[in-house]
Amino acid sequence: MKRIWKYLLFFLLCLAVTLLINLPIGQVLPHLKIPPTVGLAGASGSVIVGRVQQVTVNRFPLRDVRYRFQPSCIALLKVCYRVEYEQGVTRVGYDLINGDTEVDQTRAEYTAA
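First, a word on scope: everything that follows refers to the structure included in this document. (Residues numbered from 1 in each chain as written. Predicted model: local features only at pLDDT ≥ 70, side-chain atom pairs only at ≥ 80, totals over all residues. Heavy atoms only, no water.)

### Observations concerning the sheet that holds strand E5 (residues 88-95)
The strand order across the open sheet formed by six strands is E1-E2-E3-E4-E5-E6, and the pairing between neighbours is antiparallel. In this open sheet, the two edge strands, each paired with only one partner strand, are strand E1 (38-45) and strand E6 (101-104). Across the sheet, the mean angle from the axis of one strand to that of its neighbour is 25 degrees, orientation sign disregarded. The pairing of strand E4 (residues 78-85) with E5 spans eight bridges and is classified as antiparallel. The residue bridging lysine 78 from the neighbouring strand is aspartate 95, located in E5. (Pairing = 2+ DSSP bridges. Helix = DSSP H or I, 4+ residues; strand = E, 2+ residues; numbered from the N terminus. Axes fitted to C-alpha atoms, helices over the stretch in contact; angles between N-to-C directions.)

Below you can see the structure in the form of structure tokens.
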């Protein structure tokens, strides 16, 4: 009987991880605390990899934004994403212990009008 419980527990753990990995980003966004200065339009994909048509930060548009989860941050108890957009690349991390959000290597280029 113990052997059956071990297999059942392993199956349920694998199922939960698979469902979390394939969770659509549209189901997650309504539950996130996004600052009022940040706007998202046209999000598609999963929690692991996806794209957003346009992100607006302090009225500056970032177009064709692609994001990818970085599993290397799990050991640091952080959720990290590599974010690539038309004007540059950045890394965004969320610390699971104290709730801090980190933005590294930010660079955006705009043409002068």
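### Notes on the state of the cysteines
What is meant by a disulfide is a covalent connection between two cysteines, made through their sulfur atoms. Enumeration over the complete set of coordinates arrives at one disulfide. Residue pairing for cysteine 73: its cysteine sulfur links by disulfide to cysteine 80, the two sulfurs lying 2.3 Å apart. On the sign convention where negative means left-handed, the S-S torsion of about -100 degrees between cysteine 73 and cysteine 80 marks this disulfide as left-handed. Across the pair, cysteine 80 and cysteine 73 agree in class, each one buried. (Disulfide = S-S within 2.5 Å. Buried < 20%, exposed > 50% of the residue type's maximum accessible area, 1.4 Å probe, protein only.)

### Details of the nonpolar core
One broad trend across soluble globular proteins is that nonpolar side chains are buried collectively. In this structure, Ile25, Val28, Val47, Val52, Val55, Leu62, Val65, Tyr67, Phe69, Tyr81, Val83 and Tyr85 together form the largest nonpolar core, which totals twelve residues. Contributions of two or more residues to this core are made by helix H2 (25-28), strand E2 (49-57), strand E3 (60-70) and E4. The dominant element in this core, judged by the number of residues it contributes, is E3, at four residues. Every residue in contact with valine 28, bar those within four places of it in the chain, is listed here: Leu23 and Val47. (Core = buried A, V, L, I, M, F, W, Y, C linked by side-chain atoms within 4.5 Å. Contact = heavy atoms within 4.5 Å.)

### Let's talk about helix H1 (residues 2-21)
End to end, H1 covers 29 Å across 20 residues, agreeing with the expected 28 Å (1.5 Å per residue, within 8%). Little of H1 sits out of view: just zero of its 20 residues are buried. (Expected span 1.5 Å × (residues − 1).)

### Structural notes on the environment of proline 61
Its place among the elements puts proline 61 in strand E3. For proline 61, a relative accessible area of 19% puts it in the buried group. Separated by 26 residues in the primary sequence, proline 61 and glutamine 87 place their C-alpha atoms 9.7 Å from one another.

### Focus: the side chain of aspartate 95
Its place among the elements puts aspartate 95 in strand E5. In terms of polar contacts, aspartate 95 uses its side chain to reach the backbone amide nitrogen of isoleucine 97, at 3.0 Å. Discounting chain neighbours no more than four positions away, the residues touching aspartate 95 are Leu77, Lys78 and Asp100. (Polar contact = N/O pair within 3.5 Å; in protein donor to acceptor, adjacent residues only side chain to side chain.)

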